[in-house]
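Notes for the structure review
Each chain, written out:
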Amino acid sequence: MDNILHLTSMVDAYEHPKDYLLDELIILDVILEYEIQRMLYTEEEAASADTFRGMYFSVSEAKALLDRDEPILQLTSEQELLLHQLRTRIDARLQKSKQEPIQLPIESLKIGFRLNELDIRLLIVAIAPHVNRKYLKLYAYLQDDMTSQHLTLDLMLRLCCTTLDERKYAYEIMTSPNSYMKGFFTSYPNINDLKHFSLLTEPIRLEARLIYFFLGIEWRYDGALASLKHYSSADHKELPPLLVNEDIHTHMLTYMTDKDSRMSSLIWVLQGPTGSGKTFHARHISKLLNRSLLEFDLSNAPEEQYAFGQVIDQVLLEASLTDAIPAFDRIHTLQSTQGITTGHDKRKQWLFEKLLDWTGIVFLFSEEPVKSTIRMPDTTWLNIVIPLPDLEQSQKLWEQLTQKQWLVTANEVSQLAGKFRFTPGQMITTVEEARKLEKWEDSAAFIHQSAASPSKLLHQSAYQLTNHQLQNKATKVESKFRWEDLILPNDTLQLLRQACNRIKHRHTVMHHWGFDRVLPYGRGISMMFTGPPGTGKTMSALVMAKEMEAELYRVDLSRVVSKYIGETEKNLSEIFDQARLSGAILFFDEADALFGKRSEVKDAHDKYANMETSFLLQKMEEYDGLTILATNFAQNMDDAFTRRIQFIIKYPFPSAEQREQLWRSAIPSQVPTEEIDYAFLSQTFELAGGSIKNVILTAAYLAVSEGTSVAMKHMIESVIQEYKKTGKLLLKDRLGPYAEYWKG
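Residues numbered from 1 in each chain as written. Predicted model: local features only at pLDDT ≥ 70, side-chain atom pairs only at ≥ 80, totals over all residues. Heavy atoms only, no water.

Section: the overall build of the protein
When its secondary structure is counted, the protein shows 30 helices and 15 strands. Across the 744 residues in the protein, those meeting the buried criterion constitute 45%. Residue pairs in contact within the protein that sit at least 24 positions apart in sequence constitute 75% of those at least 6 positions apart. Accessible area for the protein stands at about 39,900 Å²; split by element, carbon and sulfur atoms hold 51% of it. (Helix = DSSP H or I, 4+ residues; strand = E, 2+ residues; numbered from the N terminus. Buried < 20%, exposed > 50% of the residue type's maximum accessible area, 1.4 Å probe, protein only. Contact = heavy atoms within 4.5 Å. Areas by Shrake-Rupley, 256 points an atom, 1.4 Å probe, with all protein chains shown as cover.)

Structure below.
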């Protein structure tokens, strides 16, 4: 050790954490040398007094143990001077290192855990075997047992404590379950603890995370903690500004500025759906405090109490090591399947108990309200609800997210805002997915197809992101029909277009022109299609869905109507709630079967049947989208019901001129045909559009089975079949020049 003294004058900053540890280990070597000398002296003294020492336990040895004080480190004045010189040199280098941009792990620990000099000595003794393997054998030698190549509490106290007060303090912080130092250590795996009958002799070691941190080695978690997200100060530099709910952010900052300094902990509970900006708000707060943010998804946490506690401890340890604000996401998921059935899932309570010992800010993210299950007297607990963006905020967000990528019109942006009740996160994801789709669509040029418009790409991406459950009680209907496919009277077409325009321009009329203040509810569009079967009611709904780039769902009444009182209302409520997520068009076909004329109230079932009708009206008025009721028998609908429908569109039976258009348009251009007498077919047979399509399809199958083109022969045979199917009377005389095809 004599060659050490001249090094005390060489003072420079530490370049790496290991350089600092090597200096600390020089001090440890001095202490180990003293302890070895003390043991040798004790052994020589005992050997001279007893030739048979070690072969049995003598009376003199027993008395010596009773007379011996608790072992503490006693150094000579020369050794103390040497250690003082070494410590002075280390402190000088640490002070110089503070001027460097990189903070040493030891400094982070001192600040984060308020460690004193004795705490540091305890940690150095524990980290030593991970820097140099020689300490494993030295520790075994000092414990007089070469099978004990590990650190024990007894050895730690011997090497670190110079007074009885230090020994008492070290013993307490290393054994107390609530001690911050206790959290630094773990038991050895694969060692049978049953052979250790004293806390002093149990093997202990540093947590693996702390070892890597001390040595400056990169660390990655696995298992439940693999999802741990760390947003560093560097990540915060690229953080975009808040676009919505700035008032919430300002309120949080104001409160933190005025926060009572006596409060030791502050828990922010941010409640909102996925993508509402909970993490985003927390990151902005962290940025302003010059802190990083550490986020853990609690849905990945184990259910068993001990394992759950270990995971939470590791998260809080990581937050302390990195000077990060801990954030626990999806706290509402802390209800296991077993806990739901037995009511004994206490993980939320265990989490709160862990947070009792945390000093500083904690974020809890949830989609549901959260309340503390334990008393937290020194903790400020604040709940903040982050709402969905309103119509104006949604439009602003869509504009800002799309303006750099595409030329999207104000009207198209309004449609997106009005149709999709999205969080900011969902909007960002939609735009990102639309960009990916655009690359795919660009390749359409190679197969001579036109690429989709930005509005269509955004709609496709938004629908892919929408996670509703409409399919449980309704059937999605895909549409390929356009306006030109509808053969209807002009006034009917005009009303249909007018309804579409209401949806398209709703944002302008309701928001910019102020009608949303005049009409607090009833902003949606309700329509009723009435007319005989096959006159175009369903096709009209499909065309409107295509025009509005909206999903169309035909409600399955068999899955809605229930004989049990209150179930029908429950099903209807679920349908409208789910449709609201994507602005879907709801199509109730044959609605008169469910919402016909109100009956005279004779019993409870009549009363509730009328209540179902009123409930549907209420939901239609509350719904911001389009609801269509279709009926073949308008006279069966209740007058009080129809008065509250905004558009009632009547579908008359097609005229001869319209029927000819239907005959011509229903045959695809690829179908091989002989001369078809469309005028005869339209004037002779009074068929609606649906029946005409059935006739043409049947004729096509008849022709292909004969290996010929579709001709009048096949058309007449198909018409006869259609009349028989519907129970209508068709006489041979009506076939005129085509009577030869009559088969009776």
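Structural notes on the packing of aromatic side chains
Applying the stated criterion across every chain yields a total of 19 aromatic pairs. Taking the centre distance of 4.8 Å and the plane angle of 70° together, the rings of Tyr212 and Trp219 count as edge-to-face. On the basis of relative accessibility, which here comes to 33%, the residue Tyr212 falls in the partly exposed class. For the ring pair Tyr738 and Tyr741, a centre distance of 6.5 Å and an interplane angle of 15° mean the geometry is stacked. Three or more aromatic residues link up through ring pairs in this structure, and these residues are Phe680, Phe685, Tyr723, Tyr738 and Tyr741. Above the face of the Trp483 ring, Arg497 is positioned so that its terminal group lies 4.3 Å from the ring centre. Geometry around Tyr723 places Lys728 over its ring, the cationic atom sitting 6.0 Å from the centre. (Phe/Tyr/Trp six-rings, centres within 6.5 Å; stacked < 30°, edge-to-face > 60°. Lys NZ or Arg CZ within 6 Å of the ring centre and 35° of its normal.)

What to know about the sheet that holds strand 11 (residues 525–530)
The strand order 10-12-13-14-11-15 describes an open sheet built from six strands, whose pairing is mixed. The sheet is open, and its two borders are formed by strand 10 (474–476) and strand 15 (647–650), each paired with just one other strand. The sheet shows a mean angle of 25° between the axes of neighbouring strands, direction not considered. Note that strand 13 (residues 585–588) and strand 14 (residues 626–631) share three bridges and pair parallel. By the bridge assignment, Phe587 is partnered in strand 14 with Ile628. Packing against the sheet, helix 24 (residues 567–579) makes contact with strand 12 (552–555), strand 13 and strand 14, and its axis sits at approximately 150° to strand 13. (Pairing = 2+ DSSP bridges. Axes fitted to C-alpha atoms, helices over the stretch in contact; angles between N-to-C directions.)

A closer look at the nonpolar core
Most often, soluble globular proteins have nonpolar side chains that are buried together. Formed by 59 residues in total, the largest nonpolar core has its most connected members in Leu123, Tyr139, Phe184 and Leu206. Those residues within four positions of Tyr139 in sequence are excluded, and the remaining contacts are Leu28, Leu32, Val125, Ala128, Pro129, Ser148, His150, Leu151, Leu155 and Leu159. Grouped together as the second largest cluster of nonpolar side chains are 49 residues, Ala462, Leu486, Phe529 and Ile585 included. (Core = buried A, V, L, I, M, F, W, Y, C linked by side-chain atoms within 4.5 Å.)

Quick look at the pattern of salt bridges
In total, this model carries 27 salt bridges according to the counting rule given. A salt bridge links Lys619 to Glu622, with the nearest nitrogen and oxygen atoms 3.6 Å apart. Within this pair, Lys619 and its partner Glu622 are both found in helix 25 (residues 604–622), separated by three residues, close to a single helical turn. In this structure Lys619 comes out as buried when scored by relative accessible area, which is 11%. Here the salt bridges share partners, and the residues they tie into one network are Asp12, Asp23, Arg89 and Arg93. (Salt bridge = Lys/Arg side-chain N within 4 Å of Asp/Glu carboxyl O.)

Overview of the side chain of Ser526
Looking at where Ser526 falls in the secondary structure, it is placed in strand 11. If near-sequence neighbours (up to four positions away) are discounted, Ser526 is found in contact with Met620, Thr627, Arg644, Ile645, Gln646 and Phe647.

Re the sheet that holds strand 7 (residues 324–329)
Across the sheet, six strands lie side by side as 4-6-7-8-5-9; this open sheet has mixed pairing. The open sheet terminates on both sides in strands that have one partner only, identified here as strand 4 (229–231) and strand 9 (379–385). Across the sheet, the mean angle separating the axes of adjacent strands is 20° when strand polarity is ignored. Helix 15 (residues 347–355) contacts strand 5 (265–271), strand 7, strand 8 (360–366) and strand 9 of the sheet and is inclined by roughly 165° relative to strand 8.

Shape is all these values report; function is a separate question.
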